[in-house]
Amino acid sequence: NRSGVAEDKLYVVKEPKGSDEKYVSFSIDITDHERIRKELCEIRTRYRLILDAMPAHISYVDTEQNIRFINKWHEKWFNYHPKEVVGRNIRELFGEALYGKLEAYIRSALKGNEVIFETVISKKPLLRHLAVTLIPNKDDAGAMLGFYILAYDITDRIMVEEALKKSETQLAEAQHIANLGSWEFDLRKNRIVLSAELYRICNLDPKMFRLTFREILRLIHHEDVGIFKVAIETAYRNRSPFSLYHRIVRPNGTIRILHSQGNVIIGDDGTPLRIIGTAQDV
């Protein structure tokens, strides 16, 4: 009375010699079975597409360290198609050098620990930096079944960080040579950030000095506090650059003459957000 899927089986019934053979046929309704199978295939395909599209290495490894699942990211960096990888042992796949670097982390994951670390793989023309997480998988009784590997390529981030450190080092060297420091005043938080050179010029300990505008004013020579405040307030009010010469009194009592200049940084709504500037010991 309804369309469906059936599995037919035909059996031959052997009779005594001289008698005709008889046949028995069975039909089993497997409609629900086929529907569930198709749904599972669709779900599996959908998740495979999602995992392959993710910009990360995703794999599952059993307790014998054999790979049971892997997405296409691995092919990009190790030149293996996922079908060539499934079933292989990660020690063989990674090679002794890389496996040796990861062995302690793998053993920890197999003991049920979630492990997070960074490592480097060789991929010409650059070494690739990876952020890796090993996530253990257990059954309901707590027995280990294996672990997942999630690995993200963070090479670009590392290169940016290294370039930033290099730039900061070069800037610090240039400021030291020029006897010039820089500062930034966050107007919303009332916090001031000084460069290392400006700390040196003012003879201040970064760990001891409270970075507020009031503390900065205490450094200014009492005869110059007025012109310093007027310069900053005028720049704030007019959203304009400022430049002035003034004296500071170091904690040890020595006096230095600084040439300070800077500008006001305005937000999208026109509200002043920061004042940035430099101070050169002249």
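Residue positions are given per chain, counted from 1 along the sequence in the order it is written. In keeping with the predicted nature of the model, local features appear solely for residues at pLDDT of at least 70, side-chain atom pairs appear and are counted solely at 80 or more, and the whole-chain, interface and lining totals rest on all residues. Only hydrogens and water are set aside; all other atoms, that is, all heavy atoms of the structure, feed into the side-chain values.

Draft legend 1. Broad picture of the pairing of strand β9 (residues 191-194). Only one face of β9 is buried: it carries I192 and L194, and the other face, with R191 and V193, is open. A pair of strands is treated as paired once DSSP finds two or more bridges between them. Per the convention used, a helix needs a DSSP run of H or I reaching at least four residues, while a strand needs a run of E reaching at least two, with both numbered from the N terminus. With four bridges connecting them, strand β8 (residues 180-186) and β9 associate as antiparallel partners. Looking at the pairing, D186 lines up with R191 of β9. From the end of β8 to the start of β9, which pair antiparallel, there are four residues, and N190 there has a positive phi angle of about 55°. Residue burial is assigned from relative accessible area. The probe radius is 1.4 Å, only protein chains are included, and a residue is buried under 20% of its type maximum, exposed over 50%, and partly exposed in between.

Draft legend 2. Focus on helix α9 (residues 225-238). Multiplying one less than the number of residues by 1.5 Å gives the expected span of a helix. Look at α9: 20 Å from first C-alpha to last across 14 residues, which is about the 20 Å you get at 1.5 Å a residue. Those residues of α9 not exposed but buried are V225, F228, A231, I232 and A235. Axial view of α9: buried residues confined to an arc of 135°, hence all on one face. Residues of α9 that are exposed and point more than 90 degrees away from the buried face comprise V230 and R237. Packing partners of the buried residues in α9 comprise β8, α8 (213-219), β10 (242-249), β11 (255-266) and β12 (272-281). Following α9 by one or two positions, R239 has its phi on the positive side, about 55°. Directions from the helix axis toward the C-beta atoms define the arc. The contact criterion used is simple: two residues touch if any of their non-hydrogen atoms lie within 4.5 Å.

Draft legend 3. Examining the sheet that holds β10 more closely. With respect to topology, five strands assemble into an open sheet ordered β9-β8-β12-β11-β10, the strand pairing being antiparallel. A single partner strand is all that each edge strand has here, and the edge strands are β9 and β10. Averaged over all adjacent pairs, the angle separating strand axes in this sheet is 25°, with direction ignored. Lines fitted to the C-alpha atoms define the axes, with helices restricted to the stretch that makes contact. Angles between their N-to-C directions range from 0 to 180 degrees. Docked against the sheet, α9 engages β8, β10, β11 and β12, running at close to 150° with respect to β10.

Draft legend 4. Spotlight on the confidence of the model for the protein. The share of residues in the protein with pLDDT of 70 or more is 85%, and the mean pLDDT across the chain is 83. pLDDT gives the predictor's per-residue confidence on a scale running from 0 to 100. Summarising per-element confidence for the protein, the mean pLDDT is lowest in strand β1 (residues 6-13) (62) and highest in β10 (93).

Draft legend 5. The environment of I192, seen in detail. The residue I192 is located in strand β9 in this model. Sequence spacing of I192 and L211 is 19 residues, and the spatial spacing of their C-alpha atoms is 5.0 Å. In contact with I192, other than residues within four places in its own chain, are E184, F185, L211, T212, F213 and I216.

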